[in-house]
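# Structural features, examined
If you want the building blocks of each chain, they are given just below.
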Amino acid sequence: MSLSPSETASTAPVRVAVDVGGTFTDIVLEQEPRRWSAKLLTTPDAPETAVLQGIEELLDQAGLSWPQVSLLILGTTLATNALIERKGARTALLTTAGFRDLVEIGLEDRFAQYDIFLDKPEPLVPRPWRHGITERVDAQGQVLTPLDEAQVVALAGELTRAGVESVAVCLLHSYAYPDHERRIRALLREHAPQLWVSLSSDVCAEIREYPRLSTVSANAYVQPQVSGYLRRLNEAARQRGLRGEPFLMTSGGSIATLQTGVDEPVRLVESGPAGGAILAQHIAEQTGAARALSFDMGGTTAKICYIDDFEPQVSRSFEFGRVHRHLKGSGLPIRIPVIEMVEIGAGGGSIARVNHLGVVQVGPDSAGSSPGPAAYGNGGELPTVTDAHALIGTVTPDRFAVGKVSLQPERARHAIETHLAAAAGLDGPQAAQAIIDVVTENMANAARVHASELGKAAEEHTLIAFGGAAPLHAARLARKLGIGRVIIPESAGVGSAVGFLWAPIAYQAVRSFHQRLATIDHAAVQRLLDELTAGVDTVVRRAAPDAPLSHKRVVFMRYSGQGHEIPVDLPDGPFDAAASRQLDATFAERYAQLYGRSLPHVAPETVSWSVAAQAGARRERPRDHIASGPATAARSSGTRALYDFEQNRWADVPTYERQALDAEQKLSGPALVVEDETTTFVPAGFEARRSRLGSLVLDDIQAASAPRAGKEHAA
């Protein structure tokens, strides 16, 4: 669908973004000022099938061809799904002798201290496939015990006979001395060339063995599947005429090369959600929402990210596969640059059931794209969130997913009544509403917990909602969180893919190098910074060979004796005595900002060093305007019967075509705003109008006019 009234041929570059999700594959083709989008069911056995089909559909609509595509950006949840569902490769782990059980020992802490039935997440590599290698290096990189190469050669045959597909290599202190890991890779390639090999010194060259080991294990676990998909897609796209190689969205919100995804697929684990956070950042800047809450809900999961001062929260690590929902520490750590967000199993395909306590539970398991919700008619029998919306009338059956899936409400009703309503003591519409209420409360709870972890207040933020299912739940979620304004961007149904088009081409590398600042080796640090800079420049230059590069250098520092460090910016220029003195002062200032005081009597020390390179200047974002005050009433395009849970009856509510609205009109809830990719539900008490640039803005008039308890008490 074109989002511009202009049909004039354009000479602007043709850019394509693809987000492969667990249920849908979203595709956006842009040739400014025009944009087209498509949404197809993901083909899990061969994800490239839906990708290629969707791109060709959009090229046909736009009258373009493959050779005209100047940029193809891919994001995927393949790595995420493989990790969460434990559907990765048969993986072995080679580590220093005596440390093979570290993946189970972890950090020797308890995420729920008083839970005597506490379950820890299972490691990705079972114990029989974990092997200790005779070698030892100290923290300064000095070899204490040479590598037993004969043992590695013997293991190559053993791994082959065991049917191992991928190998993670994580030796003690390999960040300081990577040669032993590199030699193991060379021996495995010589004696077992069919194996994929991941080195911790390449994937995560940082201190702390457990996160490093967990990260490289995850990389090895998903590498055969993700790399195979990327290579097949690249080959098929080239055969169709694509001139350059595809690029990839990383978990940190930047674009990297295809080879980066092949070598380090763990960097793609949160690539789709990261694109959504970039879109929310873009919308927040356009509309002046300095505090925003990004809400991305698709077919399988919901993602929530806090954005303050127009910048998403960024972290050096995150957890996947939490065995206790929302509880920090109950998952396996991955140490990569990542946009900080919480992800829960709450999507359109999330399955609803009555649990052992007799209450309705939704997710975290999903019906996915195959068989999908019952309403798809593809063999799914269990009730899902999509089935609930199909039953109560909030979605348009023949326009669902741009018409790619024709929903069958009667199948949804049968699934809900058969598997949920009777057990819950409800009729069909009541059970459907219960599904919607429960999944919305699940998301609200995740947002509250995440806010408390970050020290933020959800009610102070503007909710920016996108993804195929998010506009159906956004207003309800906002009201539960005390948020007064909701913004639904244009092309919200394929929002993450749109975000890819705004992401910078960038790459970051981190390496641990522990030094006391008072006795720091300036020459050694300068060599390290030069190596990191050359490495990130090489990656970025593959994607942007002629663009000017900018760099950001960060040092992770702490006071001696402390267990964790804080990031401190390091200005450009040579690292000499003057630079280290400035670093000392900057660290003390930054520490005081965070903790209220510095510790001048304690020696500061550096732990890790980071260099990030970015190509080109940041794209200019046009300012948007949200009108206020009087407006004419929008004209509805019809009505639809919608179940009113509070009145326990069906009522006709007006429907509006989103593209027919303009900034001088407004509408009041209850109402439905319909478009090809999604539907926005406007509850009673909300007003909606379009911004100048096309975002749909919902304001909670009911909450704004209600007296606050604090004011009443003061009076």
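Below: a short report on this structure.

Taking strand neighbours across the sheet as the criterion, the 6 strands line up as E3-E2-E1-E4-E11-E12 in an open arrangement whose pairing is mixed. The open sheet has two edge strands, strand E3 (34-41) and strand E12 (255-257), and neither has a second partner. Looking at each pair of strands side by side, their axes are set apart by 25° on average, direction ignored. With 8 bridges joining them, strand E2 (residues 24-31) and E3 adopt antiparallel strand pairing. In the sheet register, Thr25 faces E3, and the bridge partner there is Leu40. Sitting on the sheet, helix H1 (residues 47-62) is in contact with strand E1 (14-20), E2, E3 and strand E4 (69-76), with an inclination near 35° to E2. Helix-sheet contacts for helix H9 (residues 271-287) involve E1, E4 and strand E11 (247-249), and the interaxial angle to E11 is about 75°.

Turning our attention to the sheet that holds strand E5 (residues 91-96). Strand order in the open sheet made by the 4 strands is E6-E5-E9-E10, with parallel pairing throughout. This sheet does not close on itself; its edge strands, each paired only once, are strand E6 (130-133) and strand E10 (196-199). In this sheet, adjacent strand axes meet at a mean angle of 20° when their direction is disregarded. With 4 bridges connecting them, E5 and E6 associate as parallel partners. Residue pairing in the sheet places Thr95 in a bridge with Gly132 of E6.

Let's shift gears to the packing of aromatic side chains. The relation between two aromatic rings is expressed through the spacing of the ring centres and the mutual angle of the planes. Tallying each qualifying case throughout the model produces 7 aromatic pairs. With a centroid separation of 5.5 Å and 85° between ring planes, the pair formed by Phe575 and Trp609 is classed as edge-to-face. Here Trp609 lies in strand E28 (residues 604-615) and Phe575 lies in the loop between strand E27 (566-570) and helix H16 (577-595), a separation of 34 residues in the sequence. An aromatic cluster of at least three residues, connected via ring pairs, comprises Tyr559, Phe587, Tyr591 and Tyr595. Just above the ring of Phe24 sits the side chain of Lys39; from NZ or CZ to the centre is 5.1 Å. A cation over an aromatic ring shows up here: Arg316 above the ring of Phe556, its NZ or CZ 3.7 Å from the ring centre.

Glancing now at the state of the cysteines. In total, this model carries 0 disulfides according to the counting rule given. With no disulfide of its own, Cys170 lies 8.1 Å from the sulfur of Cys204, the closest cysteine sulfur. For Cys170, a relative accessible area of 2% puts it in the buried group.

Rules behind the numbers
- Every residue gets a number counted from 1 within its own chain, in the order that chain's sequence is written.
- This being a predicted model, a pLDDT of at least 70 is required before a residue's local features are given, and a value of 80 or more before pairs of side-chain atoms are given or counted; all residues contribute to the totals for chains, interfaces and linings.
- Side-chain calculation: all heavy atoms of the structure are included, whereas hydrogens and water are not.
- Strand pairing follows a simple DSSP-based rule, namely that at least 2 bridges must link the two strands.
- Runs of E in the DSSP output that reach at least two residues are strands. Runs of H or I that reach at least four are helices, and both are numbered from the N terminus.
- Orientation is described by lines fitted to C-alpha atoms, with helices fitted over the stretch in contact, and by angles between N-to-C directions that extend from 0 to 180 degrees.
- Two residues form a contact once any of their heavy atoms are found within 4.5 Å.
- A pair of Phe, Tyr and Trp rings is counted when the ring centres sit within 6.5 Å of each other, with Trp represented by its six-membered ring. The angle between the planes then sorts it: under 30 degrees is stacked, over 60 is edge-to-face, the rest tilted.
- We call a charge positioned above a ring when the Lys NZ or Arg CZ atom is no farther than 6 Å from the ring centre and deviates by at most 35 degrees from the ring normal.
- Any two cysteine sulfur atoms within 2.5 Å of one another count as a disulfide.
- Relative accessibility decides the category of a residue: with a 1.4 Å probe and only protein chains considered, values under 20% of the type maximum give buried, values over 50% give exposed, and everything between is partly exposed.

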